[in-house]
Every structure is written in structure tokens, then in C-alpha cells.
Amino acid sequence: MKLALPALSLALAASVAAQFYNESAAFQLVLISDDPSVNGDTLSACHSGAAIEALCLSNSNTTSKPDPIPAASFHFNFSDSVVTPNETLGQPGILTYWLQTSTTPIPSAVELYSDPTTNTAIPLFYPGADRATTMAFDENDMLNIQGYINYSTSPPTAGNTTAYYRWWACRIYYIGYTYEALVWVEGPGEPETPRCAKVGVKRVFI
Ligand SMILES: *[C@@H]1O[C@H](CO)[C@@H](O)[C@H](O)[C@H]1NC(C)=O
Ligand SMILES: *[C@@H]1O[C@H](CO)[C@@H](O)[C@H](O)[C@H]1NC(C)=O
Ligand SMILES: *[C@@H]1O[C@H](CO)[C@@H](O)[C@H](O)[C@H]1NC(C)=O
Ligand SMILES: *[C@@H]1O[C@H](CO)[C@@H](O)[C@H](O)[C@H]1NC(C)=O
Ligand SMILES: *[C@@H]1O[C@H](CO)[C@@H](O)[C@H](O)[C@H]1NC(C)=O
Ligand SMILES: *[C@@H]1O[C@H](CO)[C@@H](O)[C@H](O)[C@H]1NC(C)=O
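These figures come from a predicted structure and were not determined experimentally.

Peer 1: Please provide a residue-by-residue account of the overall build of the protein, values included.
Peer 2: Regarding its fold elements, the protein presents 1 helix and 15 strands. Compactness check: the protein gives a C-alpha radius of gyration of 17 Å against a globular reference of 17 Å for 206 residues, within 12% of the reference. By principal-axis analysis of the C-alpha atoms, the protein measures approximately 50 × 45 × 30 Å. Counting every position in the protein, which comprises 206 residues, the buried fraction comes to 49%. At a minimum sequence separation of 6, the contacts of the protein that also span at least 24 residues come to 57%.

Peer 1: If you had to explain the site of ligand 3 to someone new, which residues and values would you point to?
Peer 2: Around ligand 3, the neighbouring residues are Asn61, Pro66 and Asp67. With respect to ligand 3, the side chain of asparagine 61 contributes an N or O atom lying 2.3 Å from an oxygen atom. Protein burial of ligand 3: of its 360 Å² of free accessible surface, 25% is covered by the chains.

Peer 1: Would you mind going over the nonpolar core in detail, with residue names and values included?
Peer 2: Grouped together as the largest cluster of nonpolar side chains are 30 residues, with contacts concentrated most on Leu29, Leu43, Leu55, Phe74, Leu95 and Trp167. With residues near it in sequence (within four places) discarded, leucine 43 still touches Leu29, Leu31, Leu55, Cys56, Leu57, Ser58, Ala71, Ala72, Phe74, Leu182 and Val201. The next biggest cluster of nonpolar side chains, apart from the first, holds 16 residues, and it includes Ile122, Tyr126, Ile172 and Val185.

Peer 1: Break down the site of ligand 2 for me, citing the residues and quoting the values.
Peer 2: Around ligand 2 sit Asn22, Phe78 and Asp80, and that is every residue in its neighbourhood. At a separation of 2.4 Å, an oxygen atom of ligand 2 approaches a polar side-chain atom of asparagine 22. Between ligand 2 and the protein, one listed contact pairs a nitrogen atom with a side-chain N or O atom of aspartate 80 at 2.8 Å. In isolation ligand 2 offers 360 Å² of accessible surface; the protein chains occlude 29% of this area.

Reading guide: rules and limits
- Position numbers for residues count from 1 along each chain, tracking the sequence in the order it is written.
- Throughout, the order in which chains and ligands are written sets their labels, letters from A for the former and numbers from 1 for the latter.
- Given that the model is predicted, a residue must reach a pLDDT of at least 70 before its local features are reported, and side-chain atom pairs must reach 80 or more before they are shown or counted; all residues, however, enter totals for whole chains, interfaces and linings.
- Only hydrogens and water are removed before side-chain values are computed, so all heavy atoms of the structure are retained for them.
- We count a stretch as a helix when DSSP gives it H or I for four or more residues in a row; a strand needs E for two or more, and each element gets its number in order from the N terminus.
- Computation of the radius of gyration draws on C-alpha atoms alone. For the globule rule, the value is 2.2 Å times the number of residues to the power 0.38.
- The cut-offs for exposure are 20% and 50% of the maximum accessible area for each residue type, with area from a 1.4 Å probe on protein chains only; residues under the lower value are buried, those over the upper are exposed, and the others partly exposed.
- When checking whether two residues touch, look at their non-hydrogen atoms; a contact exists if any pair is within 4.5 Å.
- Proximity criterion: a residue is near a molecule or strand once any of its heavy atoms comes within 4 Å of it.
- Polar contact is defined as a pair of N or O atoms within 3.5 Å, subject to the rule that within protein one atom must be able to donate a hydrogen and the other to accept it, and that residues adjacent in sequence are counted only when both atoms are side-chain atoms.
- Only the protein chains shown count as covering a residue, and every accessible area follows the Shrake-Rupley method with a 1.4 Å probe.
- Think of a nonpolar core as a cluster: buried Ala, Val, Leu, Ile, Met, Phe, Trp, Tyr and Cys residues, connected wherever their side-chain atoms sit within 4.5 Å.

Encoded structure:
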């Protein structure tokens, strides 16, 4: 049964992320970019604290990750009971990853970690899905985050569900770890950190 969520409920969906129980087949995430140094690279899961992983570039070379590592297998958890505002832009869900441990794998989901002193947020996998960020893959399998509020008007105007693709590959610093990883720019500008590359993030089923 479809829950009668209004179309303007993506923000709400983020707070009920725990209900995304349907798990897609496994896929890799591939970067599409005009910058040849990152175009075609894949994303891996890079240790960034206890059971926390950044989405680092598989072939990047940084202090915390000097060597190439294999692409990770990700999943998309969705729900039949959450309304899709726009099929073209994609069904809402969360990006998930099974963190392998010496015992039971830990189900993990991406949450955007933001620092109020800059304009980039770092997507990080954390255990569970309580605070996961709702995302979608559009009809071309490109990863987006959707919103229905237009902040470029005053007051902001609601009602036009739009997909944003504000992904960049940047050098990141997170509690001592340095990686070249996927970041999200908050707002329409460019990252404050120099020498980032604009990227699209494409899902390719394994
Ligand atoms: C994703 O869905 C699978 C299948 O229901 C579930 O086992 C797993 O815990 C979910 N992952 C997260 C992070 O919620
Ligand atoms: C989602 O999960 C529910 C409950 O397990 C199942 O009935 C339904 O068929 C699944 N939907 C899809 C699209 O796999
Ligand atoms: C990574 O960069 C360091 C410093 O520039 C270099 O010495 C090393 O050979 C590089 N590693 C690889 C695998 O390219
Ligand atoms: C879905 O989004 C696309 C791209 O923004 C737009 O062209 C289309 O009109 C939207 N469809 C609906 C039903 O709003
Ligand atoms: C936001 O509003 C501006 C000014 O009216 C308009 O040009 C733009 O297309 C709107 N964007 C969206 C995503 O609705
Ligand atoms: C809705 O958003 C789309 C894509 O950003 C934009 O092209 C369109 O003009 C917007 N429509 C309205 C009514 O603001």
C-alpha cells in the first residue's frame, strides 16, 4: 500500500530514512568529468574513523591512501511506500554499503557531513540509516539530490521538484584523514577548496 505522502515530502522522507528497506542490486559508482584526471575513475570506501567511510577516488594518491584500491560495491535502498515526485529525476532512497568486519557486516548509509565554516559537505557512510540523506538516481543513472524549494527567490518559493547534481572531486580533510573524495557543494557555487574537479556520479550495475 502506498503511504499517502504529499509530493512535497522529500525533506520529510529524509527523516524517515529507516523505512528504505528494499535493496537494489549491487553497482559501482563511476565519475564522469571533463577533467581527464578523474573522468572514468570509480569510488571506493575509505576508512575515515570508526565504521565511517568516505567515498574516495579508487585511483587517487593521498597521504591516507597512497595506492589504488578496488572500486566498492554499493546498493540503493528504496521503498515502495515513499512517493516518487518525478520519475525522470528518480525514485527517492539512500545510498548504502555493507561494511565488512571480522564478524557481521554493518549496514551503512550516506549522510552529508557539513562544516558550517565552508560550503562543501562530505558524503560519509555511517552505520545504520537514521540520519541518511535522501538521494536518487535519475533516468540516466546519475546520482542527484532533489529539492522543491527555490532559494534564489525572496522569499524562497516551493513547489518545483528539481534534481541537483552538485558533486565535485576534492581533496578532503576529515578528523585527520586526507583523501581525494566525492564532495557536495551547498548552493550553486564552486567549492571553497581550490583544484576540485566537477563530476557527475553514474551508477553502473555489476
Ligand atoms: C538496506 O536494505 C537491506 C535489505 O532490507 C537491509 O538489510 C539493510 O540494513 C539496509 N541498509 C541500511 C543502511 O539501512
Ligand atoms: C520491496 O519490499 C517489499 C517487502 O519485502 C516487497 O513486497 C516488494 O515487492 C519490494 N519491491 C521491489 C520493487 O522490489
Ligand atoms: C603517490 O605520490 C607520492 C608522492 O608524490 C609518490 O612518491 C608515489 O610514488 C605515488 N604513488 C603511486 C602509486 O603513484
Ligand atoms: C520532471 O522533471 C523534468 C526535468 O526537470 C521535467 O522536464 C518534467 O516536466 C518533470 N515532470 C513532472 C511530471 O513534473
Ligand atoms: C528559481 O527561480 C528563478 C527566478 O524565478 C528561476 O529562473 C529558476 O528557473 C527557478 N529554479 C527552479 C529550480 O525552479
Ligand atoms: C523548474 O525547474 C526547472 C529545472 O531546474 C527549470 O528549468 C524550470 O524553469 C522550473 N520551473 C518553474 C515553474 O520555476
